[in-house]
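Structural description and commentary
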4 protein chains.
Amino acid sequence: MDEFIARGFAATRLDDIARRAGVAKGTIYLHFKDKESMFEELIRTAIVPFVSRLTTPPAPGGSVRDMVEALAKMFLQEVAGTRRADLVRLIIAEGPRFPAIADFYYREVVSRGLAAMRALIQLAITRGEIREPNLVAYPQLMIAPMMVAVLWKSLFERHAPLDAEAMLQTHLDLIFGARRPQ
Amino acid sequence: MDEFIARGFAATRLDDIARRAGVAKGTIYLHFKDKESMFEELIRTAIVPFVSRLTTPPAPGGSVRDMVEALAKMFLQEVAGTRRADLVRLIIAEGPRFPAIADFYYREVVSRGLAAMRALIQLAITRGEIREPNLVAYPQLMIAPMMVAVLWKSLFERHAPLDAEAMLQTHLDLIFGARRPQ
Amino acid sequence: MDEFIARGFAATRLDDIARRAGVAKGTIYLHFKDKESMFEELIRTAIVPFVSRLTTPPAPGGSVRDMVEALAKMFLQEVAGTRRADLVRLIIAEGPRFPAIADFYYREVVSRGLAAMRALIQLAITRGEIREPNLVAYPQLMIAPMMVAVLWKSLFERHAPLDAEAMLQTHLDLIFGARRPQ
Amino acid sequence: MDEFIARGFAATRLDDIARRAGVAKGTIYLHFKDKESMFEELIRTAIVPFVSRLTTPPAPGGSVRDMVEALAKMFLQEVAGTRRADLVRLIIAEGPRFPAIADFYYREVVSRGLAAMRALIQLAITRGEIREPNLVAYPQLMIAPMMVAVLWKSLFERHAPLDAEAMLQTHLDLIFGARRPQ
DNA sequence: GATGAATGAGGCTTCATTCAT
DNA sequence: CATGAATGAAGCCTCATTCAT
């Protein structure tokens, strides 16, 4: 994974993968059909453990805003600025050339994440925490700033550092209403 | 550009570029030092004409919301779902391996686009169109849904079509307040 | 070696080397970093076994002239008119473009050969076999005719055959005095 | 010539030649059939003006030794340590691959030079300046130290500087007898 | 005559894949 | 199962040569 993340699919050498894995090059072919299927399987394997994190419903105690905030902070801490941010970049980069991966990613991560988010938005609307009813149709709006933060860290952090958590607060204020209007 | 967009830097063959350009392979080297600098120059060339579009201030007549909306619609129409969306994907994908490109893109597009957006946000706050004062610190929040729309079109449109303009309206409602709450 | 000798460094094709070696082209790169280092290593390898021959002191029995003569004849037989003569030509030809080779050749062959020759000249002067004392400063003078013979065989033999051994006798007569002036 | 001398035939680029000549690449083909024939003609052209120098009989006034010495010094000054030394090296290097050049060089330079030298040796023997009668059969022996000096300057001067003129004196002492035995 | 942009064959090198051990 | 030497297809790049202007 680290090799593919660092160089992309085409520029990654099986030699380097084998060396880092501590096995001989031939050994790879005992486990994978070829480079492509290895790439696809590795991406899948890397995503799976993260899926359960995303779909575990947050502690249902407090406000929906608190739940969304907890989810978003977890996402930022576990993804933005880590190797996983580059995994997101890798999927964006290679997705069109590996439809199987884009499909898998949509099915396992995107659609589930959006469904969970949509449920939270619905709940917030019901409770009156969110006033914009159309938001339920576009849960992407809730997630967009996190995506941008992840890509920003990966591409532009050295040009202009971004305080992702502060941005998140402003974002939540926009959606849930400012916390301390007074 | 089309070749690089379709396959990424490493997987693109100069043979194909030459064939599509209708020249012999050697001819490429009369114009570019090597594959890398060709890639960088092509990206630059593809971006430049778009920069002026982004930085041209919108007709200052009506409300700020109208100006932002006009800008955003233009962006969606000219980028999302077109080849330019793939150019954005390409920059995200290859940025880390071509710092010169990431630098150029940040300098020419990102920082300028954000500055223009920040000015509009400031104006809207002054006029009372936007109530959230912190937004001026995070113009990325204004742009994030457009980025997500662009990537969505490129990666997941076939799984679940996205009505980007409708999403944009909801986004603007969140920021400027719903148009017709009544 | 044969390929490099026949065509020089630049004009030699790795294809031909591989074919002659009975391996695939890629196999070469398991043993050598690139064409240049292969050339350098091959030259080194070809020279090494000859160095010991040169520095083995001749049987110390008879006169110094006999020792020098034995050495020179060995040199002529083993080099002039053989592939090794072309190796000398190759080093002369490519030396300036491969300083590493010129350095190695000077260190391993030239300086050692001259040192050995200087010792013999010194001995001969001590014993009174050679009357010209300055010769010890220019052992190159002792060796020059052999060098010329080697190059002659390689370049002009077909224009005018050279009896190198007879020329050697005349040379030795000049230095040690004619054998049978009477 | 300078380009061929600096890199050898195969590694020299017509681009560089044209640039240095101040003409366009195509212009070369108005004067030469191809790279090979250009090389051959250039070598010929470079040699010709030197031939007359070599064959001009030295001032016949003094001793033969003085005449040989004048000739040899001229050769050393005009060749050793100059670009012409590299021309000699070039001919040695490319001779076998360009028989036409080797032929020309033998006919115009080597055979004439040796003939001139042979005549001088014959004269010296007649006059009693040289006692070794066989030398007339091997004029190469007279010239060998100069060849070695030329190659030495080109290849090993930086390892061990050679005082070619002092070496020449010792060489002449060997052949003509030491100047001041007392 | 002169130009130099264009050509494309050919060279060096890389690397995914195989297979005898 | 594991190895890693060997393969050879394929890619990047160079450069002698051509030819329309």
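Refer to the structure printed above.
Just so it is clear, the model here is predicted, and its values are computed rather than measured.

Take the overall build of chain A next. Assigned secondary structure in chain A consists of nine helices and zero strands. Along chain A, from the amino end to the carboxyl end, the secondary structure elements read α-α-α-α-α-α-α-α-α. The dimensions of chain A, computed from C-alpha atoms along their principal axes, are 65 × 35 × 30 Å. The buried share among the 182 residues of chain A stands at 51%. When contacts within chain A are restricted to residue pairs at least 6 apart in sequence, long-range pairs at least 24 apart make up 67% of them. In the form shown here, chain A has an accessible surface area of approximately 8500 Å², with 56% of it arising from carbon and sulfur atoms.

Right, let's talk about the side chain of Glu94(A) for a bit. Inspection of the secondary structure puts Glu94(A) in helix H6 (residues 83–94). Here Glu94(A) is in contact with Gly8(A), Phe9(A), Ala10(A) and Phe39(A), once residues within four sequence places are set aside.

A separate point is the packing of aromatic side chains. Throughout the structure, instances matching the rule amount to 38 aromatic pairs over all chains. Every member of this aromatic cluster is reached through a ring pair, and the members are Phe4(A), Phe9(A), Phe39(A) and Phe98(A). Across the ring face of Phe9(D), the terminal group of Lys35(D) is positioned such that the distance to the ring centre comes to 4.7 Å.

Residues in contact with DNA strand F amount to 28 residues; listed here are only the nearest, Thr27(A), Arg13(B), Tyr29(B), Thr27(C) and Leu14(D). A distance of 3.1 Å separates a phosphate oxygen of DNA strand F from a polar backbone atom of Thr12(B). Those elements giving two or more residues to the surface near DNA strand F turn out to be helix H3 (25–31) of chain A, helix H3 (25–31) of chain B, helix H3 (25–31) of chain C together with helix H3 (25–31) of chain D. Looking at the surface near DNA strand F residue by residue, the class counts come to ten nonpolar, eight polar and ten charged.

On the side of chain D, 46 residues touch chain C, which itself brings 46 residues to the contact. Both sides together, the interface formed by chain C and chain D hides about 3900 Å², and carbon and sulfur atoms give 73% of it. Connecting chain C to chain D are two salt bridges. With a closest N to O distance of 2.6 Å, Asp103(C) and Arg158(D) form a salt bridge. Counting the contacts that link chain C with chain D gives nine residue pairs in polar contact (both at pLDDT 80 or more). Per-element accounting of the side of chain C that touches chain D gives the leading share, nine residues, to helix H8 (residues 140–155) of chain C. A breakdown of the residues in the side of chain C that touches chain D according to their chemical character gives 31 nonpolar, seven polar and eight charged.

With respect to spatial proximity, 28 residues lie near DNA strand E, and among them Tyr29(A), Thr27(B), Arg13(C), Tyr29(C) and Thr27(D) are the closest. Atoms of DNA strand E within 4 Å of the protein: sugar and phosphate make up 66%, bases the balance. For DNA strand E, a phosphate oxygen lies 2.9 Å from a polar atom in the backbone of Leu14(C). A distance of 3.0 Å separates a phosphate oxygen of DNA strand E from a polar atom in the side chain of Lys35(C). Taken together, the elements giving at least two residues each to the surface near DNA strand E come down to H3 of chain A, H3 of chain B, H3 of chain C together with H3 of chain D.

Mapped onto the elements, Gly128(C) comes out in the loop between helix H7 (99–127) and H8. Sequence separation of Gly128(C) and Phe176(C) is 48 residues, and the distance between their C-alpha atoms is 9.3 Å.

Superposing chain B onto chain A requires a rotation of 180° together with a translation of 0.1 Å along the rotation axis, leaving an RMSD of 0.2 Å. Here the symmetry operator amounts to a two-fold rotation axis. Of every C-alpha in chain B, the one belonging to Ala93(B) sits nearest the axis of rotation, 2.3 Å from it. Comparing interface residues between copies, 100% of those in chain B also lie at the interface in chain A; the contact surface is shared.

The next point concerns the pattern of salt bridges. This structure, assessed with the given rule, holds 84 salt bridges over all chains. One salt bridge in this structure joins Glu157(C) and Lys153(C), with 3.4 Å as the shortest N-O distance. Owing to a relative accessible area of 25%, Glu157(C) belongs among the partly exposed residues under this scheme. With its nearest N and O atoms 3.7 Å apart, the salt bridge here joins Lys25(D) to Asp15(D). Of this pair, Lys25(D) sits in helix H3 while Asp15(D) is found in helix H2 (residues 14–21), placing the two residues ten residues apart along the sequence. Via salt bridges that share partners, Asp2(A), Glu3(A), Arg7(A), Arg13(A), Asp16(A), Arg19(A), Arg20(A) and Arg83(A) belong to a single interconnected network.

Next up on the list: the interface of chain B and chain A. Every contact between the two is made by 46 residues of chain B and, on the other side, 46 residues of chain A. For the pair chain B and chain A, the summed buried area comes to about 3900 Å², and 73% of that belongs to carbon and sulfur atoms. Our count for the chain B to chain A interface comes out at two salt bridges. At the junction of chain B with chain A, the criterion picks out nine residue pairs in polar contact (both at pLDDT 80 or more). Elements with a minimum of two residues in the side of chain B that touches chain A: helix H1 (2–11), helix H6 (83–94), helix H7 (99–127), helix H8 (139–155) and helix H9 (164–176) of chain B. For the side of chain B that touches chain A, the class distribution of residues is 31 nonpolar, seven polar and eight charged.

Looking now at the relation of the copies chain C and chain D. Relative to chain D, chain C is turned by 180° and slid 0.1 Å along the rotation axis, the superposed coordinates differing by an RMSD of 0.2 Å. A shared interface surface links the copies, since 100% of the contact residues of chain C are contact residues in chain D too.

All right, on to the arrangement of the chains then. There is a gap between chain A and chain C: no contact, and a shortest C-alpha distance of 13 Å. What separates chain B from chain D at the closest point of their C-alpha atoms is a distance of 13 Å, and the two make no contact.

This part is about the nonpolar core. Burial of nonpolar side chains together is a common tendency in soluble globular proteins. Within the largest apolar cluster, 134 residues are counted, with the highest numbers of intra-cluster contacts made by Ile47(C), Met142(C), Phe176(C), Ile47(D), Met142(D) and Phe176(D). In contact with Ile47(D), not counting residues within four places along its chain, are Leu87(D), Ile91(D), Phe104(D), Tyr105(D) and Val109(D). Core analysis: the next-biggest nonpolar cluster, separate from the first, contains 133 residues, Ile47(A), Val64(B), Leu90(B) and Leu114(B) among them.

All names here are of chain D. Across the interface, helix H5 (residues 64–78) lies against helix H7 (residues 99–127) with an axial gap of 9 Å and an inter-helix angle of 155°. When the axes of H5 and H7 are compared, the pair comes out roughly antiparallel. For the pair H5 and H7, the sense of crossing is left-handed. Note on element contacts: H7 touches H5 through Met117, Leu120, Leu123, Ala124 and Arg127, opposite Val64, Met67, Val68 and Leu71. Residue composition of the contact of H5 with H7, by class: eight nonpolar, no polar and one charged.

Procedures and definitions
Residues numbered from 1 in each chain as written. Chains lettered and ligands numbered in written order. Predicted model: local features only at pLDDT ≥ 70, side-chain atom pairs only at ≥ 80, totals over all residues. Heavy atoms only, no water. Helix = DSSP H or I, 4+ residues; strand = E, 2+ residues; numbered from the N terminus. Buried < 20%, exposed > 50% of the residue type's maximum accessible area, 1.4 Å probe, protein only. Contact = heavy atoms within 4.5 Å. Areas by Shrake-Rupley, 256 points an atom, 1.4 Å probe, with all protein chains shown as cover. Phe/Tyr/Trp six-rings, centres within 6.5 Å; stacked < 30°, edge-to-face > 60°. Lys NZ or Arg CZ within 6 Å of the ring centre and 35° of its normal. Near = heavy atom within 4 Å. Polar contact = N/O pair within 3.5 Å; in protein donor to acceptor, adjacent residues only side chain to side chain. Nonpolar A, V, L, I, M, F, W, Y, C, P; charged D, E, K, R; others polar. Buried area = accessible area lost by both parts, 1.4 Å probe. Salt bridge = Lys/Arg side-chain N within 4 Å of Asp/Glu carboxyl O. Least-squares fit on C-alpha atoms with pLDDT ≥ 70 in both. Core = buried A, V, L, I, M, F, W, Y, C linked by side-chain atoms within 4.5 Å. Axes fitted to C-alpha atoms, helices over the stretch in contact; angles between N-to-C directions. Parallel < 35°, antiparallel > 145°, perpendicular 65-115°, else oblique. Left-handed = near helix turned anticlockwise from the far one by under 90°.

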